[in-house]
Amino acid sequence: MTEPMERADAERADAERADAERADRERDDAEPADAGEVDLSVVIPAYNEEERLGPTLDAVTRYLSDNESRFGCWEVIVSDDGSTDGTREVAALAHPHVRLVTADRNRGKGNALRLGVAATTGARVLVTDADLAAPIEELERLDKALSEGNAAAIGSRAVPGAEIADHQHRLRELLGRAGNLLIRATAVPGLRDTQCGFKLFDGDLARESFAASRLDGWGIDVEVLQHLHRADHPIAEVPVRWSHQPGSKVGPLDYPRVLGDLVLLRLRRLRPADLLVAALFLVLSVALYAHRFFDPGHRYLVDSIQDQNQWEWFFAVTADNLAHLRNPLFSDLQNFPDGVNLMANTVMLGMSVPFAPLTLLAGPAVSLSVCMALGLAATAVAWYWLIVKRVTRHRGAAFVGAALAAFAPPMVSHANAHPNFVILFMVPLIVDRALRLATGARVRRDGIVLGVLTAYQVFLGEEPLLLAALGMVLFAGAYAAVRPDVAKGAWRPLGKGLLVAGAVCLPLVAFPLYWQFTGPQSYHSVLHGDNAGNSPLSLLAFAERSLLFGDAARANELSLNPTEQNAFYGWPLVLLAFAIAVRLWERPLVKALAFTSLAAAVLSLGPKIRIPLTDTVYPGPWALVRKFPLFESVIEGRVAMICAPALGVLLAVFLEKVLSTRRIGILYAGLLSVALALLPIVPAPLRAVPREQVPAFITSGAWKSYVGRGESLVPLPLPDPGAAEALHWQTTADLGFKVPGGYFNGPYGDDRIGIYGAVPRYTSDMLRDVRYTGKVPVIGRNWRAQAKKDFAYWKAGVLVVAPQPNDDKLRQAVTALTGKPGKWTGGVWVWDLHEGS
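The rules behind the values
Residues numbered from 1 in each chain as written. Predicted model: local features only at pLDDT ≥ 70, side-chain atom pairs only at ≥ 80, totals over all residues. Heavy atoms only, no water. Core = buried A, V, L, I, M, F, W, Y, C linked by side-chain atoms within 4.5 Å. Buried < 20%, exposed > 50% of the residue type's maximum accessible area, 1.4 Å probe, protein only. Contact = heavy atoms within 4.5 Å. Pairing = 2+ DSSP bridges. Helix = DSSP H or I, 4+ residues; strand = E, 2+ residues; numbered from the N terminus. Axes fitted to C-alpha atoms, helices over the stretch in contact; angles between N-to-C directions. Parallel < 35°, antiparallel > 145°, perpendicular 65-115°, else oblique. Left-handed = near helix turned anticlockwise from the far one by under 90°. Nonpolar A, V, L, I, M, F, W, Y, C, P; charged D, E, K, R; others polar. 1 Å grid on protein atoms, 1.4 Å probe; cavity = no way out; pocket = protein on both sides within 12 Å on 5 of 7 lines; lining within 4 Å. Points joined across faces, edges and corners; volume = space filled by probe spheres on them. Salt bridge = Lys/Arg side-chain N within 4 Å of Asp/Glu carboxyl O. Polar contact = N/O pair within 3.5 Å; in protein donor to acceptor, adjacent residues only side chain to side chain. Expected span 1.5 Å × (residues − 1). Phe/Tyr/Trp six-rings, centres within 6.5 Å; stacked < 30°, edge-to-face > 60°.

Colleague: How would you explain the nonpolar core if you had to name every residue and give the values?
Modeller: Y289 and M351 are the most contacted members of the largest nonpolar core, which has 128 residues in total. Look past the residues within four positions of Y289 in its chain and what remains in contact with it is L301, M372, A373, L376, A415, V422 and L686. Core analysis: the next-biggest nonpolar cluster, separate from the first, contains 35 residues, A46, L142, C196 and F198 among them.

What follows is the structure, given as C-alpha cells:
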C-alpha cells in the first residue's frame, strides 16, 4: 500500500517542480522590468475563466497604468490552474505587463496561488480573484494600511465600513459566517473575514508564506494568514466594496473541504510527541475495554450490573427517535404506558445523537463500546492539552498528569457503566476558557465560546458539569487567597464573561431543561440515603480493578458498588501528593491544587463523617449544601473525582521539576517515587463475560404475532434496575415492542420524588417477590382481579417468563393469575392475553 502512495507523492513533486521551472522560464522571457524594479505584483488565479478574465485584466491594467505615480512599476501574473477552456488564449494576456504561468492539471486555488506568487518579483503582492468582486480601486485602501507597518492588508466584508452591493445566496452567506467563526476559533483569532479574495502582502513575506503553504484548496487563505499570525506579523483587516459576481467556482462541497483544510492545519501544528501521546491514550483506553471492545455484541461488562443494558437502550432509542423524527427527549418504549423523560435521565444526547448513524448501522452495543473507548481517550488528550498549554511544556510530565486525570481509580470504576463520568473532554476546554476570561483579553468572544461549551456539556452530563464547577470554585477561591493581586485584576472580566456565557448558554438549554424539570415523567430529586459518602479509608485503599493490589471484597466494603468506587487513590499516591505540596509549597499553583484536592476529599465524605474503627460521627461540610437544588441529587462520594485532575496537574508540576534537574540522585529518587505511587493504581482491563442469550422468541420475531398495535410485551417479573435484560431484548428486536417497567429515573407519589424504575404495582411487586424468594402466595379472586387491572394498565398483549431463578414458581403464579397455563415457545413461556386465545 505504501508503494502507490510514495509513487503518487513522487509524481506530484515532479509536477510541482515542472510548474515552478515553467514559471521561472516564462518570467525570464517576459521581463517587464528588472527584478529589483517591480513595486507591485498582482496575482490572479484562474480556472476556466475564459469569459471573465479578459474584462478583469483590462480593468486591472488600465487602473495600474493610470496610477503608476502611486504604485510604481507593476506586473500582473495570471496563474492558470489547468484550465480546459480558452483561458490561456484570452487576448488581454498579450499586454506587456501581463504574464501567464500554468499548471499541468487542475489542483485547486491553493496550488494556483502558490504557483503565481512564486513567479512574482514585486515589493508588494496583491492577490485578487478573477471575478474582481472587490474592485481594483479598493487597492488604495489596502495600500494605505500596508504603508502603516502591517505585513498584510486583507479586504473584509465583515468590518465596519464595508459595502456589499450584491449579496450572495442567503445560505452561502450563513455558511460563510459559520465558517469564519470556526476559523477565528481555531486558526487566526481576531480576523472576521479570511476568505475575501482581495489581499495585499509585503512581497518577501508573501513569497515566504505561500512557499511554506501545503494546501491546494480554498483553505490556503487561512493557512497563509495563520503563517503570518504565528510569526507575530501584524495583519490589518480593511473594509472594502464588494459585489457578488455570477459564475462563482465555489461549490457546495467546497465548504466541508475548507473545514477539512482547517483540520489539516490543526494537525500540522501538533508535534510528533503530541500524536504519540494521543495514540498511547487510545491504546490505553482500548486495553481497558479489551475484554468487550472487540466483540461488544456478545460480551457484557459484569461490573456494570445492569448499566450496560440501560446505556445501550439509551443509544438505541435516541437513534430510533431521530430516524423517525420523534421527540428525542421522551420515549414510552419502557415504562409503558407512562414513558420515560429522557432528558431527566442520563441519555447523553451530546454523544448518542452524533453516534446515531453508527447505532443504526452497527447496533447500540458497537456504538456504545466505540463511544466509551474514544471518549475516554479524548478526555485524556484534553487534559494533556490543558496541562501543556497552562502548566508545563514538558510532554512527558504532561502525559503522566493527564493519564492520572483520565485513568484514576474512580474514573476506571465509572468506566464500567457511566460514560457520562468518563467522557469529560469538554471539562478541560471549559477550564481553559474560564482562565482566558480571567485575563480580560477577549471577554465577549471567550464568554460566547464558554457558553457554547457549557451548553454542550449539559448534553453530555449535568452532574459532571456541576462537579467540575465545584472544583473550579474551590481552585479559584484558593488561588485568590494566595494571589490576591491576580484575583483583583481577574474578577471583573471573569464576572462579565460568565454573564455573557450564561446569556449564550441558557437559550440553548432552556427548553431541554424545562422539559427535564417540568415535562412528562419529570421528578424533583433522587435521594441516595445517608451512606453515599466515602469512608476516609477509601481514600487510602486500592480499588477492585487495581492490577497489582486489587481487593474486590475490601473495595466493595468501602463503596456502594463496583461502579461507585469514587476514591481509592491509594496511600502511596496520597503520601506523594503530601510530599509534593510540602516541597513546592512556595508555588501558588501548588497551594491551590493541594487545597482543591483536600477540600474535595473532605466534601466527598458526606454530611456525616464516621471516624474509622470507632463509633464517633462528626457532621461533614457536605451537610451545608446537601439541601440545595441539584446538590440534593448528587452522590456525594463522587465529589472525590475532582481530586483526579487536581492530583494529575500536581504530579505534572513535580515531574517537570524532577526532569529538569541535573542531579542524578534527585532525578532517580523523584522518578522512583512517582513510579511507586502510580504502579499500585494501574488498572487491570475491565471484566467482561459472555452475554446472556436473547430468547429465540425475540430474535425470530415470533413475538410479533402476540403483540398488537398499542400493546406491550410484558416480561415477568417486570424489568427493573436489578434485572433489566428485557431492555436488551428490545434493542435486539430493533425496539419493535414496548415494555412496562424498566431501568430509569422517574417520579413517585404526589411529591414526585425521583426513584429508580417504575412506580410499583401490586402484581409486579408480588411476582418480583416470587422470583427472589421462591414462595407463591395464595392467589384467589382478589389477586386475579388486581392482576387483570394491572395487565390492562400495561395494555399487555402477551406475558413472557424466561428461564431464571425460581421460574417454575413464577409459572405457577402467572398460571393462577390468568387462569390458564403458559405455552413454551422460542425458549420462553408465554401467555397470550387476547380474547379467544
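Colleague: Lay out the sheet that holds strand 19 (residues 796-801) in plain terms, naming residues and giving numbers.
Modeller: Strand order across the open sheet formed by four strands is 16-19-21-20, with mixed pairing between neighbours. Each of the sheet's edge strands pairs with one partner strand only, and the pair in question is strand 16 (712-715) and strand 20 (823-825). Pairwise comparison of adjacent strand axes, ignoring direction, gives a mean angle of 35 degrees for this sheet. Across three bridges, strand 20 lies against strand 21 (residues 828-832) in antiparallel orientation. Each residue of the ladder has a partner; that of T825, found in strand 21, is V828. Taken strand by strand, helix 31 (residues 807-818) contacts strand 19 and strand 21, and its axis lies near 150 degrees from that of strand 19.

Colleague: Explain the sheet that holds strand 8 (residues 235-239) to me, and be specific about the residues and the numbers.
Modeller: Strand order in the open sheet formed by seven strands is 3-2-1-4-7-5-8, and the pairing between neighbours is mixed. Two strands in the sheet have a free side with no partner beyond their single neighbour: strand 3 (98-102) and strand 8. Looking at each pair of strands side by side, their axes are set apart by 20 degrees on average, direction ignored. Contacting strand 1 (40-46), strand 2 (74-80) and strand 3, helix 2 (residues 50-66) runs over the sheet at an angle of about 165 degrees to strand 2. Strands strand 1, strand 4 (124-128), strand 5 (152-156), strand 7 (198-202) and strand 8 of the sheet are contacted by helix 5 (residues 139-147), whose axis makes an angle of about 30 degrees with strand 7.

Colleague: Hey, could you go over the packing of helix 29 (residues 762-773) against helix 31 for me, with residue numbers and the actual values?
Modeller: Relative orientation of the contacting elements helix 29 and helix 31 amounts to 150 degrees, with a least axis distance of 9 Å. One way to sum up the angle between helix 29 and helix 31 is to call them roughly antiparallel. Crossing angle aside, the handedness with which helix 29 passes helix 31 is right-handed. Here helix 29 contributes T763, M766, L767, V770 and R771 to the contact with helix 31, which in turn contributes K809, L810, A813, V814 and L817. Per-class residue counts for the contact of helix 29 with helix 31 are seven nonpolar, one polar and two charged.

Colleague: So, unusual backbone geometry: which residues are in play, and what are the values?
Modeller: Of the consecutive residues F336 and P337, the connecting peptide bond is found in the cis state with omega at 10 degrees. The peptide bond linking L716 to P717 adopts the cis configuration, its omega dihedral lying at -5 degrees. In this structure, P717 sits in the loop between strand 16 and helix 28 (725-732). Of note in the backbone geometry, L325 takes a positive phi value of approximately 55 degrees without being a glycine. Mapped onto the secondary structure, L325 falls in the loop between helix 12 (307-323) and strand 11 (330-331).

Colleague: Quick one: what's the story with empty space enclosed by the protein, residue by residue and with numbers?
Modeller: For the structure shown, the criterion picks out four cavities of 30 Å³ or more. Of all the elements in the fold, those that place two or more residues in the lining of the largest cavity are strand 7 and helix 8 (220-230). The biggest single contributor to the lining of the largest cavity is helix 8, with four residues. Each residue belonging to the lining of the largest cavity can be placed in one class, and the counts come to seven nonpolar, no polar and two charged.

Colleague: Tell me what's going on with the pairing of strand 1, and back it up with residues and numbers.
Modeller: Of all seven residues making up strand 1, seven are buried, and the element is well covered by its neighbours. With burial as the criterion, each face of strand 1 is covered, one bearing L40, V42, I44 and A46 and the other bearing S41, V43 and P45. With four bridges joining them, strand 1 and strand 4 adopt parallel strand pairing. By the bridge assignment, V43 is partnered in strand 4 with V127. One ladder, built from seven bridges, connects strand 1 with strand 2; its direction is parallel. Among the inter-strand pairings, A46 is bridged to a residue of strand 2, identified as D80.

Colleague: Which residues make up the pairing of strand 21, and what values go with them?
Modeller: Taking burial as the measure, the five residues of strand 21 include four buried ones, the bulk of the element. Strand direction decides the pairing type here: strand 19 and strand 21, joined by four bridges, are antiparallel. Looking at the pairing, V801 lines up with W829 of strand 21. Linkage of strand 20 to strand 21, two consecutive antiparallel strands, is achieved through a turn of two residues, within which G826 is found at a positive phi near 60 degrees.

Colleague: Give me the environment of A212: which residues, what numbers.
Modeller: Inspection of the secondary structure assignment puts A212 in helix 7 (residues 203-212). Leaving out residues up to four positions away in the same chain, A212 has contacts with E223 and H227.

Colleague: Break down the environment of V224 for me, with residues and values.
Modeller: With respect to the element layout, V224 can be found in helix 8. We classify V224 as buried; its relative accessible area is 2%. Sequence separation between V224 and A206 is 18 residues, and the spatial gap between their C-alpha atoms is 8.2 Å.

Colleague: How would you sum up the pattern of salt bridges? Please name residues and give values.
Modeller: Two side chains that carry opposite charge are able to pair once their charged atoms sit near each other. Tallied over the full model, the rule gives 32 salt bridges. The salt bridge involving R638 is made with E463; its shortest N-O contact spans 2.9 Å. Highlighted residues: R638 in the loop between strand 14 (617-619) and helix 25 (643-660) and E463 in helix 20 (residues 462-482), separated in sequence by 175 residues. For R638, a relative accessible area of 8% gives the class buried. Via salt bridges that share partners, R70, R124, E140 and D143 belong to a single interconnected network.

Colleague: Run through the side chain of S559, naming residues and quoting values.
Modeller: Looking at where S559 falls in the secondary structure, it is placed in the loop between helix 22 (552-557) and helix 23 (571-583). Judged by relative accessible area, which is 14%, S559 ranks as buried. Looking at S559, its side chain comes within polar contact range of the main-chain oxygen of A555, at 2.8 Å. Filtering out sequence-adjacent residues up to four positions away, S559 remains in contact with E564, Q565 and F568.

Colleague: Just give me the short version of helix 15 (residues 364-390), but keep the residues and values in it.
Modeller: In this model, helix 15 (27 residues) spans 38 Å end to end at C-alpha, consistent with the 39 Å of a helix rising 1.5 Å per residue. Most of helix 15 sits inside the fold, with 19 of its 27 residues counted as buried.

Colleague: Before we move on, can you summarise the packing of aromatic side chains with the specific residues and values?
Modeller: Working definition: an aromatic ring pair is given by the centre-to-centre distance plus the angle between the planes. Considering all chains together, one arrives at 17 aromatic pairs under this definition. Ring centres of F475 and Y479 lie 5.8 Å apart, and the angle between their planes is 20 degrees; on these two criteria the pair is classed as stacked. Of this pair, F475 and Y479 both sit in helix 20, four residues apart, which is roughly one turn of the helix. Between F511 and W515, the ring centres sit 6.2 Å apart and the planes meet at 50 degrees, which makes this aromatic pair tilted. Taken together, the residues F511 and W515, both in helix 21 (residues 484-518) and four residues apart, mark about one turn of the helix. Assessed through its relative accessible area of 16%, W515 is described here as buried. A network of ring pairs unites the aromatic residues F330, F511, Y514 and W515 as a single cluster.

Colleague: Which residues make up the side chain of Q306, and what values go with them?
Modeller: Mapped onto the secondary structure, Q306 falls in the loop between strand 10 (299-301) and helix 12. Among the polar contacts listed, one links the side chain of Q306 to the backbone nitrogen of A724, at a separation of 2.9 Å. When residues no more than four places from it in sequence are discounted, the contact partners of Q306 are Y300, P721, G722, A723, A724, E725 and Y743.

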